[in-house]
Amino acid sequence: MKGVHFLVAFVLLALAFTFASASDPSPLQDFCVAINNTNDGVFVNGKFCKDPKLATANDFFFPGLNIPGNTANQLGSKVTLVTVEQILGLNTLGISLARLDFAPYGGLNPPHTHPRATEILVVLEGTLYVGFVTSNPDNRLITKVLYPGDVFVFPIGLIHFQFNIGNTNAVAFSGLSSQNPGLIPIANAVFGSNPPINPDVLAKAFQLDKTVVTYLQSRF
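Residue numbers here run from 1 along each chain, matching the order of that chain's written sequence. Two thresholds apply to this predicted model, a pLDDT of at least 70 for residue-level local features and 80 or more for giving and counting side-chain atom pairs, whereas whole-chain, interface and lining totals are computed over all residues. In computing side-chain properties, one takes all heavy atoms of the structure into account and sets aside hydrogens as well as water.

### Topic: the overall build of the chain
At step 1: By the criteria applied, helices consist of DSSP H or I runs no shorter than four residues and strands consist of E runs no shorter than two, each listed in order from the N terminus. Counting secondary structure elements, the chain contains four helices and 10 strands.
At step 2: Moving toward the C terminus, one meets the helices and strands of the chain in the order α-β-β-β-β-β-β-β-β-β-β-α-α-α.
At step 3: Here the chain holds 220 residues, and 35% of them are scored as buried.
At step 4: Whether two residues are in contact is decided by their heavy atoms: any pair within 4.5 Å suffices. Considering only contacts in the chain between residues 6 or more positions apart, those separated by 24 or more positions represent 72%. For every residue, the accessible area obtained with a 1.4 Å probe (protein chains only) is divided by the maximum for its type, and the residue is called buried under 20%, exposed over 50%, and partly exposed between those limits.

Pasting the structure below:
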């Protein structure tokens, strides 16, 4: 029952992500190139809508978030996303959800950003060390150790992480302020891009020997 109470609190907090805006609508994908001939149009900012009269309960439903994610991997973590890809009824509603599972001491959701969403996280089980880094010129690290029932916010676009420092499994849920928040894992993006970034660029940017850069690229 305690977990249910935390989940209810999370849902109420997540609903607070409904924002009014007088500016252009936020993008729901990385880019949307304009075309003059609408006959060639394939994508919209979001997804096409079905006739509301044809909507069913299953359009607003996703089962299984009670099932722990498999953390038997190099990072010791598993993120189970519930975005518009899983619940089609989320289209245009500006909200999504994730379950985060962490293996005992060392389970890590590595540094990453969500380019289209602020994230609010509530811990259900375990102890998490979390944080984010502010933008230039400060690049200030803001961190906190979270326990069951604690809530933490990661502002939109900022690099952030979650790390299990406890000796037991950890579980958290996150609400995100977009139906498609996007995910940019920093290490994967920098060292695992396709095609690879020129090693000379990364060597100079990170002040590393080129052989170190090529090794890191081979790891991702």
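Moving on, there is more to tell.
### A few points about the pairing of strand S4 (residues 119–125)
At step 1: The element S4 is largely enclosed, with a buried count of six among its seven residues.
At step 2: Across four bridges, the pairing between S4 and strand S7 (residues 151–154) is antiparallel. The partner of isoleucine 120 across the bridge, within S7, is valine 153. Pairing between strands requires that DSSP locate at least two bridges from one strand to the other.

### Quick word on the UniProt feature "binding site: oxalate" (unreviewed entry) in the chain
At step 1: This chain's UniProt record puts "binding site: oxalate" (unreviewed entry) on Asn109, His114 and Glu119. The annotated residues that sit in the lining of the largest pocket are Asn109, His114 and Glu119.
At step 2: As for its position among the elements, asparagine 109 is in strand S3 (residues 108–113).
At step 3: With residues up to four places along the chain from it excluded, the contact list for asparagine 109 reads Ser77, Val79, Leu100, Phe102, Phe161 and Gln162.
At step 4: Along the polypeptide, histidine 114 turns up in the loop between S3 and S4.
At step 5: Residue histidine 114 is classed as buried on the basis of its relative accessible area, which comes to 10%.
At step 6: The residues contacting histidine 114, other than those within four sequence positions of it, are Glu119, Ile156, Gly157, His160, Leu176, Pro181, Gly182 and Leu183. UniProt positions are given in the numbering used here, feature names are shortened, and annotations may be inferred rather than shown by experiment. With a 1 Å grid laid over protein atoms only, a set of points is called a cavity when a 1.4 Å probe fits there but cannot get out and a pocket when it is open yet has protein on both sides within 12 Å along at least five of seven lines; lining residues have an atom within 4 Å of a point.

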